[in-house]
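Take a look at the letters that make up each chain.
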Amino acid sequence: MDFTDDEKFVEKVRSIAPATQQDIEQLRELLKGLSISTELMESLIQPFGIEIDFSKMSSRVDGENNG
Amino acid sequence: MVKTMVESLHFLPLSEQVKLVHNGSVSAVENVNAHLNMINSHNPKLNSFITIDSKGALEQAKKLDILRSKGKTLGPLAGVILGIKDSIPTKDLKTTNNSRLLEKWIPTHDASVIKRLRNAGAIIIGKTNLNEFGWSRPTELDLTPPPWSPWNIDRMSVGSSSGSGAATTARMVGAALGTDGGGSARLPAGAHNLYSIKPTHGLVSRFGMDHNQHSEISPLCRTAMDMAMMLEAMAGYEPKDDMSWPQEVPKYTNMIETDISGWRIGVPYKFVTSAPNESEVKEAYDNFLHILEELGCELVEIDLHGMLEARSANFIVLNSEAYQRHQKTLSSNWDDYGKITRIYLLQGAFLSANDMLNAAEIGRAFKIYFSDLLLENNLKAIATPTSPFATAERSRLPQEHSRGVNACFTAPFNISGHPSMNLPAGFGESDIPVGAMLTGALHDDISLLQLAFAYDQRTNWSDLMPELSE
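Residues numbered from 1 in each chain as written. Chains lettered and ligands numbered in written order. Predicted model: local features only at pLDDT ≥ 70, side-chain atom pairs only at ≥ 80, totals over all residues. Heavy atoms only, no water.

Enquirer: Could you clarify how one ought to interpret the overall build of chain B in this entry?
Expert: Broken down by element type, chain B carries 18 helices and 13 strands. The C-alpha atoms of chain B give 21 Å as radius of gyration, which agrees with the globular expectation for 470 residues (23 Å, within 12%). Residues classed as buried in chain B amount to 65% of the 470 residues present. At a minimum sequence separation of 6, the contacts of chain B that also span at least 24 residues come to 77%. (Helix = DSSP H or I, 4+ residues; strand = E, 2+ residues; numbered from the N terminus. Rg over C-alpha atoms; globule rule 2.2 N^0.38 Å. Buried < 20%, exposed > 50% of the residue type's maximum accessible area, 1.4 Å probe, protein only. Contact = heavy atoms within 4.5 Å.)

Enquirer: Sorry if this is basic, but what is going on with the overall build of chain A here?
Expert: In terms of regular secondary structure, chain A is built from two helices and zero strands. Overall, chain A is about 45 × 30 × 15 Å in size when its C-alpha atoms are taken along their principal axes. Scored against the burial criterion, the 67 residues of chain A give a buried share of 37%. The contacts in chain A between residues at least 6 apart in sequence include a share of 24% that link residues at least 24 apart. When the accessible surface of chain A is split by element, carbon and sulfur atoms take 50% of a total near 4200 Å². (Areas by Shrake-Rupley, 256 points an atom, 1.4 Å probe, with all protein chains shown as cover.)

Enquirer: I tried to follow the sheet that holds strand β8 (residues 216–221) of chain B on my own but got confused; where do I start?
Expert: Across a sheet, strands are paired by hydrogen bonds formed along the backbone, either parallel or antiparallel in direction. Residues and elements named next belong to chain B. With respect to topology, eleven strands assemble into an open sheet ordered β1-β3-β2-β6-β8-β7-β12-β13-β11-β9-β10, the strand pairing being mixed. Two strands lie at the open edges of the sheet, namely β1 (49–52) and β10 (298–301), each paired on one side alone. Recorded for the sheet is a direction-independent mean angle of 30 degrees between the axes of neighbouring strands. Bridge count for strand β6 (residues 175–180) against β8 is six bridges, and the pairing is antiparallel. Bridge pairing in β8 places alanine 176 opposite leucine 220. Across the sheet, helix α14 (residues 353–376) is in contact with β11 (381–385) and β13 (433–440); its angle to β13 comes to roughly 85 degrees. (Pairing = 2+ DSSP bridges. Axes fitted to C-alpha atoms, helices over the stretch in contact; angles between N-to-C directions.)

Enquirer: Teacher, can you tell me more about the environment of B:Asp226 here?
Expert: Residues and elements named next belong to chain B. Relative to the assigned elements, aspartate 226 resides in helix α8 (residues 224–234). Under the relative-accessibility criterion, aspartate 226 is labelled buried at 0%. Residues in contact with aspartate 226, not counting those within four places in the same chain, are Pro13, Leu14, Ser15, Gly174 and Cys221. A distance of 3.1 Å separates a polar side-chain atom of aspartate 226 from the backbone nitrogen of leucine 14. (Polar contact = N/O pair within 3.5 Å; in protein donor to acceptor, adjacent residues only side chain to side chain.)

Enquirer: Please explain α8(B) as it appears in this structure.
Expert: Residue pairs three or four apart in sequence face the same way in an α-helix, which turns once every 3.6 residues. Residue and element names in this part refer to chain B. Burial within α8 is extensive, with ten of its eleven residues counted as buried. All buried positions along α8 are accounted for by Ala224, Asp226, Met227, Ala228, Met229, Met230, Leu231, Glu232, Ala233 and Met234. Two residues or fewer past α8, glycine 236 is found with a positive phi of approximately 145 degrees.

Enquirer: Even after reading the chapter, I still don't get unusual backbone geometry, so can you show me in this structure?
Expert: Outside of glycine, negative phi angles account for most residues, and trans bonds account for most peptide bonds. All names here are of chain B. For the peptide bond that leads from glycine 159 to serine 160, omega is 15 degrees, which places it in the cis range. Counting through the fold element by element, serine 160 comes out in the loop between β5 (152–156) and α6 (162–169). Of note in this structure, asparagine 47 is not a glycine but carries a positive phi near 60 degrees. One can find asparagine 47 in the loop between α3 (28–46) and β1. Look at asparagine 47 and you get buried, because its relative accessible area is 18%. For asparagine 378, which is not glycine, the phi torsion reads 50 degrees and is therefore positive. Residue position: asparagine 378 is located in the loop between α14 and β11.

Enquirer: How do you make sense of the packing of helix α5 (residues 112–119) of chain B against α8(B) when you look at a structure like this?
Expert: Helix-helix packing: each pair is described by the crossing angle between the helix axes and the interaxial distance. Residue and element names in this part refer to chain B. Packing of α5 against α8 leaves a shortest axis separation of 8 Å and a crossing angle of 115 degrees. One element, α5, and the other, α8, form an angle in the roughly perpendicular class. In this structure, α5 contributes Val113, Arg116 and Leu117 to the contact, and α8 contributes Met230, Ala233 and Met234. Of the residues in the contact of α5 with α8, the class split is five nonpolar, no polar and one charged. (Parallel < 35°, antiparallel > 145°, perpendicular 65-115°, else oblique. Nonpolar A, V, L, I, M, F, W, Y, C, P; charged D, E, K, R; others polar.)

Enquirer: For this particular structure, what's the right way to read the confidence of the model for chain B?
Expert: Averaged over every residue, the pLDDT of chain B is 94; residues scoring 70 or more account for 96%. Across the whole predicted complex the pTM is 0.96, and at the interface the ipTM reaches 0.94. (pLDDT = per-residue confidence, 0-100.)

Enquirer: Even after reading the chapter, I still don't get helix α1 (residues 6–16) of chain A, so can you show me in this structure?
Expert: Every buried residue belonging to α1(A) is among A:Phe9, A:Val10, A:Val13 and A:Ile16, and all of these are buried. Buried residues in α1(A), looked at end-on, bunch into an arc of 130 degrees, giving them a common side. More than 90 degrees from the buried face of α1(A), the exposed residues found are A:Glu7, A:Lys8, A:Glu11 and A:Ser15. Here the buried face of α1(A) lies against α2 (21–44) of chain A together with α12 (307–332) and α13 (339–346) of chain B. (Arc of directions from axis to C-beta.)

Enquirer: Looking at this structure, how should I read the pattern of salt bridges?
Expert: Think of it this way: side chains of opposite charge can pair up when their charged atoms draw near. Tallied over the entire structure, the rule returns 15 salt bridges over all chains. The residue A:Asp62 makes a salt bridge to A:Arg60 at a minimum N-O spacing of 3.2 Å. Of the residues examined, A:Asp62 reaches a relative accessible area of 46% and is grouped as partly exposed. Ionic pairing is found between B:Glu294 and B:Arg458, a salt bridge with its closest N-O pair at 2.0 Å. Residue B:Glu294 is found in helix α11 (residues 279–294), and its partner B:Arg458 is found in helix α18 (residues 445–458); the two are separated by 164 residues along the sequence. The class for B:Glu294 is partly exposed, based on a relative accessible area of 42%. The structure contains a network of salt bridges with shared partners spanning A:Asp23, B:Asp335 and B:Arg342. (Salt bridge = Lys/Arg side-chain N within 4 Å of Asp/Glu carboxyl O.)

Enquirer: Help me understand the interface of chain A and chain B, please; the structure alone is not making it clear to me.
Expert: As a measure of interface size, the accessible area lost when the parts come together is often cited. At the interface, 35 residues of chain A touch 40 residues of chain B. Around 3400 Å² of area is buried between chain A and chain B when both sides are counted, 71% of it from carbon and sulfur atoms. Linking chain A with chain B are one salt bridge, by the criterion used here. Close ionic contact of B:Arg342 with A:Asp23 constitutes a salt bridge, the shortest N to O distance being 3.3 Å. Counting across the interface, chain A meets chain B through eleven residue pairs in polar contact (both at pLDDT 80 or more). (Buried area = accessible area lost by both parts, 1.4 Å probe.)

Next comes the structure, spelled out in structure tokens:
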């Protein structure tokens, strides 16, 4: 997921829909949240042959792990 | 005597209304009229419905009454008055999704679940309000503006199945259908003092609706027995649906009453207390646990991991699916969408196939982890609040909504597919109800219903109704 390149980002949005500048700014804000989620997913995927171990994952709502 | 009964018919639980229709004490037409009176009196203020089908409901009722007069066997939901979330297609009845895009859409088919409910004798009286496409934050500019809570007319109803929650609470229907992709039925059930079960994935088919891997059709009901009756009618194998489970549906209503003493309930206290719970939520949750203990359940403190990761995975899948469905019309009909809705829907355009597959894999891993957690600790369910917030206003603050904190307890169990249920648990300071949640093992929906029934017998939440002024 990449929306950091402003020019490409605006180009992509406008290729999909006639979004206004305000729409684009709102979308950019929302995508920050989604980007955190996709990066988190990537970080959890394990190398071939290793299981994903949920017992080592976060224990708090904010994503921290207090054991 | 009969007149009094008919006048108060809509105040009775759905299960009692069915008995009266079955034994002929009241007719299905009388039941429809009792509920139409409530709709006419209260919907103008509450805005629970998008479409009211008085004529269609009366026609359905007349057919039932004729069947009864001929001595035919009536279905288990004969004469029950239902509201259906306006995202679920109903034949010959407008299904707008509360969007200008579908403002005039009249489906030529019933979704599978609607067919089942009609076959059971249920009467559909109208289509209930929702956030546009069940996804956006509601605004006054929506096709139909948001519903108001019958418990406090100054407060918006929590969504996305907001109209279903409000209509059931205000006795405009006996029960209603919602859909739950991240908490959209359990959250409004909690905020309306209702019971609602998000069934095990595949138990209730979504066939005839838009494809969505983790959103389950869920009943919103006033009592635990009502919930069991609804689920029994809704559940069942649908061969055309690749997500439907080929299993026989248990007779929930026959099995619902059981001794739950000794049942072990997991309490993930560390996780629960890490949420930004409002004080009313904390109080209601503690009281909920106390009642479970009084019922003989053994509370077992457990560590629960990965809820944020599972919620994030669900969030990605929801976004991806939402965009996939709307990609064509976002391009061609941009101005027909609500200004917030179209931005929410567009997010998925920036997800890759790999993002989606990563999320699906994390979801599968969480499913296994949570199933093992229940099994290894010999737990019937885990208990959490339903939402950290007692007010729709807070859950709808853009920063809270976009982070999905309001769904921190609910959404993980959408991607895992485990059955999960809201139970009424108290009231906040603005008279807005607060819910508590039990989540159980895959395909063990019956244990949740049994817990709900015992809890409902022990508490008086389902006897309470809001004071509604005309």
